[in-house]
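Structural overview for review
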Amino acid sequence: MTEIEQLLARVAQQARDTRPWGWPSLPEPVAPSAIARAESALGFPLPALLAALYLRIGDGGFGPEYGLLPLLDSAPSGEPAVVPQYLANRAEGVEDPDWPWPEGVLPISHWGCGMYACVDCQAPDGPVLFFEPNADRAEDAWYVDSASLEDWLRAWLDGTGWYEEASDGADMAPWPGFRIRTAPTP
């Protein structure tokens, strides 16, 4: 069994055993057609591991804090869905150019108060970024939470994420790609 297969097995077990706040049950996984619809609406492919989570574990409802967001449709918990939230964030960034939303950065988990864990779908390892909208400037609202989605999931499973009481509270580094990924195209 590969490391990714082992990780998916651990995530599946944890998803069956625990519910994030607001999720009464683990939703069924999505069909491959849902992944295709999501990628068509987004205009880019989902990272393979993110797609596997939706295809094999469930349509959201597992993971740290409020859990992974559903892919296309809002959940019973009232949490927004990934694709509509991304498209809304991009549209809002056009309306307010001082707060653009980076191309290819999907909000995958809501932390409350407008904060999101996001996957950078344009980077090979799918780093997880933290968006904290209470900053004075947009470029100060983005941090690197984890070098990859794989590492982010492992931190959740191992109880070592920054959000855990037992964590050392290490500060996250600012995301250096914000201005590059939000620069207007000529």
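Our structure's up above, just so we're on the same page.
Scope of this entry: the structure provided in the associated data block. (Residues numbered from 1 in each chain as written. Predicted model: local features only at pLDDT ≥ 70, side-chain atom pairs only at ≥ 80, totals over all residues. Heavy atoms only, no water.)

To continue, consider the sheet that holds strand β3 (residues 128-131). Judged by pairing direction, the sheet is antiparallel, and its 5 strands sit side by side in the order β1-β2-β3-β4-β5 without closing on themselves. Pairing within the sheet leaves two strands with one partner each, and these edge strands are β1 (105-112) and β5 (173-174). Pairing between strand β2 (residues 115-120) and β3: 4 bridges, direction antiparallel. When the bridges of β3 are listed, Cys 118 appears paired with Leu 129. On top of the sheet, helix α4 (residues 82-95) reaches β1 and β2; it is set at about 100° to β1, its chief contact. (Pairing = 2+ DSSP bridges. Helix = DSSP H or I, 4+ residues; strand = E, 2+ residues; numbered from the N terminus. Contact = heavy atoms within 4.5 Å. Axes fitted to C-alpha atoms, helices over the stretch in contact; angles between N-to-C directions.)

Time to look at the packing of helix α1 (residues 3-17) against helix α3 (residues 48-57). Two elements in contact, α1 and α3, have axes whose closest approach is 11 Å; the angle formed by their N-to-C orientations is 45°. In terms of their interaxial angle, α1 and α3 are classed as oblique. Where α1 crosses over α3, the handedness of that crossing is right-handed. Side by side, α1 and α3 meet where Ile 4, Glu 5, Leu 7, Leu 8, Val 11, Ala 12 and Ala 15 of the first sit next to Leu 49, Ala 52, Leu 53, Arg 56 and Ile 57 of the second. (Parallel < 35°, antiparallel > 145°, perpendicular 65-115°, else oblique. Left-handed = near helix turned anticlockwise from the far one by under 90°.)

So, on to helix α5 (residues 149-158). Of all the positions in α5, only Leu 149, Trp 152, Leu 153, Ala 155, Trp 156 and Leu 157 are classed as buried. Tucked into the core, α5 has its buried residues touching α1, α3, β1, β2, β3 and β4 (142-146). Gly 159 occupies a position one or two residues after α5 and carries a positive phi of about 70°. (Buried < 20%, exposed > 50% of the residue type's maximum accessible area, 1.4 Å probe, protein only.)

Taken as a whole and assessed by the stated rule, the structure comprises 9 salt bridges. Residue Asp 120 pairs with Arg 181 through a salt bridge whose shortest N-O separation is 2.7 Å. One end of the pair, Asp 120, is in strand β2; the other, Arg 181, is in helix α6 (residues 178-182), with 61 residues separating them in the sequence. There is no split in this pair, since Asp 120 and Arg 181 are both buried. The partner of Arg 154 in a salt bridge is Glu 150, with the nearest N and O atoms 2.6 Å apart. Of this pair, Arg 154 and Glu 150 are both found in helix α5, 4 residues apart, which corresponds to roughly one turn of the helix. (Salt bridge = Lys/Arg side-chain N within 4 Å of Asp/Glu carboxyl O.)

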